[in-house]
Amino acid sequence: MFIHQRWLESRLEISDDIFEEGDDYVTLLPEFFDNLWQPDPYFLNSKIAEIATLTHKFTSVTLYKNKTVRYAARMHAIIACQMEFQLYPMDIQVCPIYIESFSSNNQKVKLRWSDSGVTLNPELKLLQYNLGQPLELEESDGYMPEKVGNFSRLTVYFRFERQIGHHLIQTFAPSSLVVMLSWFSFWLGLDAIPGRVTLLVTCMLTLVTMFTGLRADIPPVAYVKALDLWMAGCMVSVFAALAEFVVVKVLDVQYQYQVNKVPKTLPMRLSNMEKGQCATVASWEGGAVRSRKATQTPTTPGQTSLQGNGGPPKPARRQSLLSVAWTDDTTGVEKIMWREIDKVSRAVFPILFFVFVLLYWPILLMKSS
């Protein structure tokens, strides 16, 4: 930055001989400036502030005939700024620079902004931020307990608006595509278990790796950021798709078990009946065949007894597979639950994610504005 200070030194006695003809000012050598009274402003919230040097210090002192002293210097400073990241990466940071006299209180030195105030180079471009214009300038008096007194203070507020284009390309668009990629698993049947598991696990690991790298770009904070909510939404969506696969796989195993279950006692009982060893009664209970000797006792619910010597068993009812499959009353087609869950998931998962996106962006934009 270039610092320009101007003050009136009424105690000076200036001879006209030092001015060249037609000029009302003269540029002094640095050693003359050391003999003048100088204000001592400093940056209150600076970490480093120093005059730039190459072969010499970049400073100049100009003395006018009306006893005005003008001091200019090229400085380098690192300023501390308290930043808030709740809306990151749509955050807007307001960073002030406080300029204050170090040793002279407001009774001795009163700081004022010039008419031009603070100007920015129009060619100045920042990689992550847009600088809001115009800058806000402030003049105040503040009590400094460290120096026990009231001191004049100048403040300039810089408004940094973070550019979202980088994060749209590097964060939001790739993570959205990964979430959409996880939906393809609903079209893969359970006969492609390795491919389905590999797809979902790869999507989850991709999101974890992506967001781990992003979190390294900003300081760790104790509160939740807007980017954290987006990360959580994407990871929950992929995790839910993985959990859906586990559920449909368990339902498929249960369905296959109930459909393919074969009674083990049936061949032995039939062979005994063929040999005429004894009259048996076959009943169907819970999908298993049981046998007992024929009696004249009335049947119990869920059983059909055989009267006489043989005859095919007549099951009263068969156990329903309502838990994992059922028959459509309209078409008569068997419906399998895990397949129906996959069909419903093809619509439910995209709808829920789009609802999350429609809630996330308007709220974020309203808060950032």
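Where an unreviewed UniProt entry is consulted, the protein chain appears under the name Neurotransmitter-gated ion-channel transmembrane domain-containing protein, with the organism given as Stomoxys calcitrans.

Student: Would you explain the overall build of the protein chain in this entry?
Tutor: A tally of regular secondary structure across the protein chain gives six helices and 14 strands. Sorting the 369 residues of the protein chain into buried and exposed places 32% on the buried side. Partitioning the intrachain contacts of the protein chain with sequence separation of at least 6 by distance along the chain shows that 69% fall at a separation of at least 24. Counting only carbon and sulfur atoms, one obtains 59% of the accessible surface of the protein chain, whose full area is about 23900 Å².

Student: Help me understand the side chain of Asp91, please; the structure alone is not making it clear to me.
Tutor: When you line up the elements, Asp91 lands in the loop between β6 (68-79) and β7 (92-101). Looking at Asp91, the relative accessible area reads 2%, which means it is buried. Of the polar contacts made by the side chain of Asp91, one reaches the side chain of Arg162; its length is 2.5 Å. When near neighbours in sequence (up to four residues on either side) are disregarded, Asp91 contacts Glu84, Phe85, Phe160, Glu161 and Arg162.

Student: What is the right way to read the environment of Thr171 from this model?
Tutor: Here Thr171 shows up in helix α2 (residues 165-182). On the accessibility criterion, Thr171 (0% relative accessible area) is buried. Sequence separation of Thr171 and Phe211 is 40 residues, and the distance between their C-alpha atoms is 8.1 Å. The contact partners of Thr171, leaving out residues within four places of it in the chain, are His166, Met210, Phe211, Leu214 and Leu227.

Student: Before we go on, may I ask you to explain a nonpolar patch on the surface in this structure?
Tutor: Taken together, the side chains of Ile351, Val355, Leu359, Ile363 and Met366 present a nonpolar region at the surface, about 490 Å² in accessible area. Note on placement: Met366 falls in helix α6 (residues 337-368).

Student: How should the UniProt feature "transmembrane region" (unreviewed entry) in the protein chain be read in this particular structure?
Tutor: Residues given the UniProt feature "transmembrane region" (unreviewed entry) here are residues 172-190, 197-218, 230-251 and 344-363. With 100% helix and 0% strand, residues 230-251 has end C-alpha atoms that lie 32 Å from one another.

Student: Looking at this structure, I do not really get the confidence of the model for the protein chain. What am I missing?
Tutor: Low pLDDT means the predicted coordinates in that region are not meant to be read closely. Summing up the model confidence of the protein chain, the mean pLDDT is 82 and the portion of residues at 70 or higher is 82%. Note on residues 314-322: pLDDT is under 50 here. Beyond four places in sequence and across chains, it has 15 contacts.

Student: What am I meant to see in α2 here?
Tutor: An α-helix turns once per 3.6 residues; consequently, residues spaced three or four apart project the same way. Over its 18 residues, α2 extends 25 Å from the first C-alpha to the last, a length consistent with the 26 Å expected when each residue adds 1.5 Å. At Phe172, α2 shows its largest bend, some 30°, and a proline, Pro174, comes one to four positions later. Taken together, the buried positions of α2 are His167, Thr171, Phe172, Ser175, Ser176, Val178, Val179 and Ser182. Residues of α2 that are buried sit in contact with β10 (149-162), α3 (193-215), α4 (226-259) and α6.

Student: So what exactly am I meant to see when it comes to the nonpolar core here?
Tutor: Across soluble globular proteins, nonpolar side chains show a tendency to be buried alongside one another. Counting 39 residues, the largest nonpolar core has Phe211 and Trp230 as the members making the most contacts within it. No other element matches α4, which puts 11 residues into this core. Viewed by domain, this core spans two of them, domain 2 (81-162) and domain 3 (166-260 + 343-368), each represented by three or more residues. For Phe211, the residues in contact, after removing those within four places along its chain, are Thr171, Ser175, Trp230, Met231, Cys234 and Met235. Of all hydrophobic cores here, the second largest spans 27 residues; its members include Tyr71, Ile97, Leu154 and Val156.

Reading the values: the criteria
- Residues numbered from 1 in each chain as written.
- Predicted model: local features only at pLDDT ≥ 70, side-chain atom pairs only at ≥ 80, totals over all residues.
- Heavy atoms only, no water.
- Helix = DSSP H or I, 4+ residues; strand = E, 2+ residues; numbered from the N terminus.
- Buried < 20%, exposed > 50% of the residue type's maximum accessible area, 1.4 Å probe, protein only.
- Contact = heavy atoms within 4.5 Å.
- Areas by Shrake-Rupley, 256 points an atom, 1.4 Å probe, with all protein chains shown as cover.
- Polar contact = N/O pair within 3.5 Å; in protein donor to acceptor, adjacent residues only side chain to side chain.
- Patch = residues over 30% accessible without salt bridge, like charges linked within 9 Å, V, L, I, M, F, W, Y side chains within 5 Å.
- Salt bridge = Lys/Arg side-chain N within 4 Å of Asp/Glu carboxyl O.
- UniProt positions renumbered as here; feature names shortened; annotations may be inferred.
- pLDDT = per-residue confidence, 0-100.
- Expected span 1.5 Å × (residues − 1).
- Bend = angle between axes of the 7 residues up to and from the residue.
- Core = buried A, V, L, I, M, F, W, Y, C linked by side-chain atoms within 4.5 Å.
- Domains from an automatic or database assignment.

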